[in-house]
Amino acid sequence: MTQQTTLDALAGVLEARKNSTPDDSYVASLYHKGLDVILKKLGEEATETVIAAKNGQADAIIYETADLWFHSMVMLAHCNLGPDDVLKELERRFDLSGLEEKASRNQS
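A brief structural summary. (Residues numbered from 1 in each chain as written. Predicted model: local features only at pLDDT ≥ 70, side-chain atom pairs only at ≥ 80, totals over all residues. Heavy atoms only, no water.)

**Observations regarding the pattern of salt bridges**
All told, the structure shown has five salt bridges when counted by the stated rule. The salt bridge involving Glu-44 is made with Lys-41; its shortest N-O contact spans 3.7 Å. Highlighted residues: Glu-44 and Lys-41, both in helix H3 (residues 35-55), separated by three residues, approximately one helical turn. In this structure, the salt-bridge partner of Glu-45 is Lys-41, at a minimum N-O distance of 3.2 Å. Of this pair, Glu-45 and Lys-41 both sit in helix H3, four residues apart, roughly one helical turn. Its relative accessible area of 3% is what places Glu-45 among the buried residues. In this structure Lys-41 comes out as partly exposed when scored by relative accessible area, which is 22%. Put simply, Lys-41, Glu-44 and Glu-45 are held in one network by salt bridges that share partners. (Salt bridge = Lys/Arg side-chain N within 4 Å of Asp/Glu carboxyl O. Helix = DSSP H or I, 4+ residues; strand = E, 2+ residues; numbered from the N terminus. Buried < 20%, exposed > 50% of the residue type's maximum accessible area, 1.4 Å probe, protein only.)

Rendered as structure tokens:
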């Protein structure tokens, strides 16, 4: 499975879980609890990713980054967005230097 296919497949599962009951699915339970709980979990995963990187443990970095990406996608789906929205933004930035992109945000 390609990376894009993996993201698309996961996005489809996350969307389907919106119709599941909280007792049947971890993701459905997050949706049921609301955005604040999703954001709290996302923050926890970000912190765990930073700690793994700081400790320099490759396996832990990969594992925690997967958790971070997963919970980021849960947040996106909750907000009726998906990985394609993020990928389009990354593609838009591809020909910009990071300094130019940052400067363009400061002008808005």
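**So, helix H4 (residues 58-78)**
Given a rise of 1.5 Å per residue, 21 residues ought to cover 30 Å, and the 30 Å separating the end C-alpha atoms of H4 matches this to within 8%. The set of residues buried in H4 consists of Glu-64, Leu-68, His-71, Met-73, Val-74, Leu-76 and Ala-77. Phi turns positive one or two residues past the end of H4, at Asn-80, with a value near 60°. (Expected span 1.5 Å × (residues − 1).)

**A short note on the packing of helix H2 (residues 26-33) against H4**
Contact geometry of H2 with H4 gives a least axis separation of 11 Å together with a crossing angle of 50°. In terms of orientation, H2 and H4 fall into the oblique class. The crossing of H2 and H4 is right-handed. Each of Tyr-26, Val-27, Leu-30 and Tyr-31 in H2 lies in contact with H4, whose residues at this interface are Phe-70, His-71, Val-74, Ala-77 and His-78. Within the contact of H2 with H4, the residues separate by chemical class into seven nonpolar, two polar and no charged. (Axes fitted to C-alpha atoms, helices over the stretch in contact; angles between N-to-C directions. Parallel < 35°, antiparallel > 145°, perpendicular 65-115°, else oblique. Left-handed = near helix turned anticlockwise from the far one by under 90°. Contact = heavy atoms within 4.5 Å. Nonpolar A, V, L, I, M, F, W, Y, C, P; charged D, E, K, R; others polar.)

**Thoughts on a negative patch on the surface**
Taken together, the side chains of Asp-8, Asp-84, Asp-85 and Glu-91 make up a negatively charged region of the molecular surface. Sort the elements by how many residues they give to the negative patch and helix H5 (residues 83-93) lands first, with three residues. In this structure, Asp-8 sits in helix H1 (residues 3-17). Asp-8 sits in the partly exposed class, given a relative accessible area of 36%. (Patch = residues over 30% accessible without salt bridge, like charges linked within 9 Å, V, L, I, M, F, W, Y side chains within 5 Å. Areas by Shrake-Rupley, 256 points an atom, 1.4 Å probe, with all protein chains shown as cover. Lys, Arg positive; Asp, Glu negative; His and termini not counted. Charge placed at Lys NZ, Arg CZ, Asp CG, Glu CD.)

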